[in-house]
Amino acid sequence: MDFALTEEQTAIFDMAHAFGQDNIAPFARQWEAEGTIPKDLWPQVGELGFGGLYVSEEAGGAGLTRLDATLVFEALSMACPSVAAFLSIHNMCAKMLDNFASDELKARVMPDVLSLNTVLSYCLTEPGSGSDAAALKTRAEKTNEGYTLNGTKAFISGGGYSDAYVCMVRTGEDGPKGISTVYVEDGTPGLSFGALEQKMGWKSQPTAQVQFDDCKVPAGNLVGVEGDGFKYAMMGLDGGRLNIASCSLGAAQTALNMTLQYMGERKAFGKSIDQFQALQFRLADMEIELQAARTFLRQAAWKLDNKTPDATKFCAMAKKFVTETGSKVVDQCLQLHGGYGYLADYGIEKLVRDLRVHQILEGTNEIMRVIVARHMLANR
Ligand SMILES: Cc1cc2nc3c(=O)[nH]c(=O)nc-3n(C[C@H](O)[C@H](O)[C@H](O)COP(=O)(O)OP(=O)(O)OC[C@H]3O[C@@H](n4cnc5c(N)ncnc54)[C@H](O)[C@@H]3O)c2cc1C
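Residues numbered from 1 in each chain as written. Predicted model: local features only at pLDDT ≥ 70, side-chain atom pairs only at ≥ 80, totals over all residues. Heavy atoms only, no water.

Regarding the UniProt feature "domain: Acyl-CoA oxidase/dehydrogenase middle" (unreviewed entry) in the protein chain
Feature annotation in UniProt assigns "domain: Acyl-CoA oxidase/dehydrogenase middle" (unreviewed entry) to the following positions: residues 122–215. End-to-end, the C-alpha atoms of residues 122–215 are 17 Å apart, and along that stretch the chain is 0% helix and 47% strand. (UniProt positions renumbered as here; feature names shortened; annotations may be inferred. Helix = DSSP H or I, 4+ residues; strand = E, 2+ residues; numbered from the N terminus.)

So this is what it looks like as structure tokens:
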């Protein structure tokens, strides 16, 4: 058993970290205020190979493992978890296309997807179906030319901003087996967007409903096989959960680093606050919790890379544990900054707000426990 990162993995982490510190961190608050990430950031991210992190090298991707990808997201979210998490969604979609799209569709779209000239959104949730995603109602009627879509997707990260939408739609019976995946390009007639959602965090990412009103997509935009769309959507999620957990981890590490620094500078009762043992213990607790979270997350990623039978259970456990640990740590860091932690200038309150949603999406943390309990009961 070897817990050390390889030289290559260290280089991947360092490259992502340096890119984030130079090109994302200085602007994160501005982008949050503007409610958008400049589109010209993405091709720069694409040049690093981050547009297709775990798409194979033969197919033009970076060919990284899931464990490698967690390092990228941990490092980038040290700059801004909202930007890093958005990249995770694009990568989830890119991998779905790489795995299941026809050669014709891949030849048409993948070069721009991989270079991040095409930014992708993942459209599963609907106003009436979130955790129970297989109850989705958006219909895709088969026509001579392809499909006509009608319905609404809710909470779509990048809704109205992305260049294409990977959409789970109903082509058949009720339930998961009646769901297919279609690729819908921005600008397709009948595709429109709701108003931007006003959110607690992740504010630099536009979130909106995606609406289909007799939206016609060509038959060639079907991804994979009709009726298998739910399976594809779920297959992306194990990795997506690791990525979201990594975003909590990186952001919490940044908060802890800032707190360690701040506590040496801030004085109360004639000494710096890092001299109070009660506060030192809180620092120690946060360090222990984050290191435990990191080890657990990397173990889950290793299991997914090695396709172990319990990989899904470990991804769910890691997602719950790491996102909750991350939120707890950033909240403690805010507390240790006193009133200044509550001010936007100190950068901690943004992290508290940004990380909260990690307990809700990519499957809520209740659903993570449903998955874990199901595995335990099935294997007793
Ligand atoms: C900022 C943001 C961005 C998002 N981006 C995307 C995106 O890009 N694409 C996309 O498809 N979706 C996206 N989502 C949607 C997200 O995935 C859903 O919000 C999430 O899956 C939960 O669904 P819901 O909101 O309908 O809650 P519900 O499913 O209605 O759940 C409500 C509560 O009930 C609990 N619950 C539900 N079922 C069970 C059960 N069986 N056992 C125990 N507890 C249960 C839930 O955990 C939760 O606490 C985003 C959401 C947000 C907030």
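Some details on the nonpolar core
Across soluble globular proteins, you tend to see nonpolar side chains buried next to one another. By size, the foremost hydrophobic cluster in this structure holds 64 residues, and its most contacted members are Ile-24, Leu-41, Trp-42, Leu-76, Leu-97, Tyr-122 and Tyr-183. Among the elements that take part in this core, helix 5 (residues 81–100) stands out by supplying 11 residues, more than any other. Once residues lying within four places of it in the same chain are set aside, the contact partners of Leu-97 are Lys-106, Val-109, Met-110, Val-113, Leu-120, Tyr-183 and Val-223. In terms of nonpolar packing, the next biggest core, distinct from the first, is built from 34 residues, Ala-245, Leu-256, Leu-283 and Val-322 among them. (Core = buried A, V, L, I, M, F, W, Y, C linked by side-chain atoms within 4.5 Å. Buried < 20%, exposed > 50% of the residue type's maximum accessible area, 1.4 Å probe, protein only. Contact = heavy atoms within 4.5 Å.)

Some details on the pattern of salt bridges
A full pass over the atoms with the stated rule returns 18 salt bridges. For Arg-298, the salt bridge identified is with Glu-74, shortest N-O distance 3.1 Å. Residue Arg-298 is found in helix 8 (residues 277–305), and its partner Glu-74 is found in helix 4 (residues 66–77); the two are separated by 224 residues along the sequence. With relative accessibility at 3%, the residue Glu-74 sits in the buried group. Between Lys-350 and Asp-354 there is a salt bridge; the shortest N-O distance is 2.7 Å. Placement of the pair is Lys-350 and Asp-354 together in helix 10 (residues 348–356), with a separation of four residues, close to one helical turn. (Salt bridge = Lys/Arg side-chain N within 4 Å of Asp/Glu carboxyl O.)

Some details on unusual backbone geometry
The residue Leu-116 is not glycine, and still its phi comes out positive at about 65°. Looking at where Leu-116 falls in the secondary structure, it is placed in the loop between helix 6 (103–114) and strand 1 (120–123). Here the phi dihedral of Phe-155 falls at roughly 60°; this positive angle occurs in a residue that is not glycine. If you trace the backbone, Phe-155 turns up in strand 3 (residues 146–157).

Structural notes on the packing of aromatic side chains
Scanning the model with the defined rule gives nine aromatic pairs in all. Ring geometry for Trp-42 and Phe-86: centres 5.6 Å apart, planes at 50°, overall tilted. Placement of Trp-42 in helix 3 (residues 41–47) and of Phe-86 in helix 5 is noted, with a sequence separation of 44 residues between them. For Trp-42, a relative accessible area of 2% translates into the label buried. Linked through ring pairs, Trp-42, Phe-86 and Tyr-161 together constitute an aromatic cluster. (Phe/Tyr/Trp six-rings, centres within 6.5 Å; stacked < 30°, edge-to-face > 60°.)

Notes on the pairing of strand 4 (residues 164–170)
Counted residue by residue, strand 4 has seven buried out of seven residues, so it is predominantly covered. By the alternation rule, side chains of strand 4 split into Ala-164, Val-166, Met-168 and Arg-170 and Tyr-165, Cys-167 and Val-169, which are all buried. The pairing of strand 1 with strand 4 spans four bridges and is parallel. Each bridged residue has a counterpart across the sheet, and for Leu-120 the counterpart in strand 4 is Ala-164. In this sheet, strand 5 (residues 179–185) lies alongside strand 4 in antiparallel orientation, the contact comprising seven bridges. Note on strand 5: the bridge partner recorded for Val-169 is Ser-180. (Pairing = 2+ DSSP bridges.)

Re the site of the ligand
Neighbouring residues of the ligand: 16 residues in total, closest Thr-125, Ser-131, Phe-155, Thr-364 and Glu-366. Between a nitrogen atom of the ligand and a main-chain N or O atom of Tyr-122, the distance comes to 2.8 Å. Against a free-state accessible area of 980 Å², the protein chains account for coverage of 64% of the ligand. Counting residues per element, the ones that place at least two in the shell around the ligand are strand 3 and helix 11 (365–378). For the shell around the ligand, the residue count by class is nine nonpolar, five polar and two charged. (Near = heavy atom within 4 Å. Polar contact = N/O pair within 3.5 Å; in protein donor to acceptor, adjacent residues only side chain to side chain. Areas by Shrake-Rupley, 256 points an atom, 1.4 Å probe, with all protein chains shown as cover. Nonpolar A, V, L, I, M, F, W, Y, C, P; charged D, E, K, R; others polar.)

Quick look at the packing of helix 9 (residues 311–336) against helix 11
Closest axis-to-axis distance for the helix 9/helix 11 pair is 9 Å, and the angle between their directions is 145°. Note on packing geometry: the crossing formed by helix 9 with helix 11 is left-handed. Contact residues: helix 9 offers Thr-312, Lys-313, Ala-316, Met-317, Lys-319, Lys-320, Thr-323 and Glu-324, while helix 11 offers Asn-365, Met-368, Arg-369, Ile-371, Val-372, His-375 and Met-376. In terms of residue class, the contact of helix 9 with helix 11 is made up of six nonpolar, four polar and five charged. (Axes fitted to C-alpha atoms, helices over the stretch in contact; angles between N-to-C directions. Left-handed = near helix turned anticlockwise from the far one by under 90°.)

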